[in-house]
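Listed here are the chains, written in short residue letters.
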Amino acid sequence: MGRLFPRLTDRLMEVVGYWAQETSNSGLPARRDNLYAPREDGAERSSLGYPVVLKNSPYLQAQMHPVATAAILGGLAIGLAAAGRARR
């Protein structure tokens, strides 16, 4: 997105970039995340308890299935073109 729309990406990051990376939840004091040393409990995940952990991404799926991705994008383009013509 930054390559195609650099100014729009900058604006979006100004609005949501900081908010998306900060939290008021300090986590469990005994399980604070490490920066300079390994955690004492050996845990690999954050103690902040985010409910969603992605195993893969839509971008990875698009790379792994290029024909399906092309078909979906082509269908969307045809649908948008038909909707544009219907509005005229």
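Since we're looking at a predicted model, the values are computed, not measured.

Draft legend 1. Main features of the overall build of the protein chain. Within the protein chain, the regular secondary structure consists of 3 helices and 0 strands. From first element to last, N terminus to C terminus, the protein chain shows the α and β order α-α-α. In the protein chain, which comprises 88 residues, the share counted as buried stands at 7%. Of the contacts formed within the protein chain by residues at least 6 apart in sequence, a portion of 6% connects residues at least 24 apart.

Draft legend 2. Seen up close, a nonpolar patch on the surface. On the surface, M1, L4, F5, L8 and L12 cluster together into a nonpolar patch covering about 540 Å² of accessible area. Relative to the helices and strands, L12 is located in helix 1 (residues 6–21).

Draft legend 3. The arrangement of the pattern of salt bridges in detail. Across all of its chains, the model carries 1 salt bridge by this definition. In this structure, the salt-bridge partner of R7 is D10, at a minimum N-O distance of 3.3 Å. Note that R7 and D10 are positioned in helix 1 at a spacing of 3 residues, about one turn of the helix. A relative accessible area of 36% means that D10 is categorised as partly exposed.

Draft legend 4. Quick peek at the confidence of the model for the protein chain. With 72% of its residues at a pLDDT of 70 or more, the protein chain shows a mean pLDDT of 81. No element of the protein chain has a lower mean pLDDT than helix 1, which averages 86, and none a higher one than helix 3 (residues 66–87), which averages 95.

Draft legend 5. Layout of the side chain of T9. One can find T9 in helix 1. For T9, a relative accessible area of 18% gives the class buried.

The rules behind the values
Residues numbered from 1 in each chain as written. Predicted model: local features only at pLDDT ≥ 70, side-chain atom pairs only at ≥ 80, totals over all residues. Heavy atoms only, no water. Helix = DSSP H or I, 4+ residues; strand = E, 2+ residues; numbered from the N terminus. Buried < 20%, exposed > 50% of the residue type's maximum accessible area, 1.4 Å probe, protein only. Contact = heavy atoms within 4.5 Å. Patch = residues over 30% accessible without salt bridge, like charges linked within 9 Å, V, L, I, M, F, W, Y side chains within 5 Å. Areas by Shrake-Rupley, 256 points an atom, 1.4 Å probe, with all protein chains shown as cover. Salt bridge = Lys/Arg side-chain N within 4 Å of Asp/Glu carboxyl O. pLDDT = per-residue confidence, 0-100.

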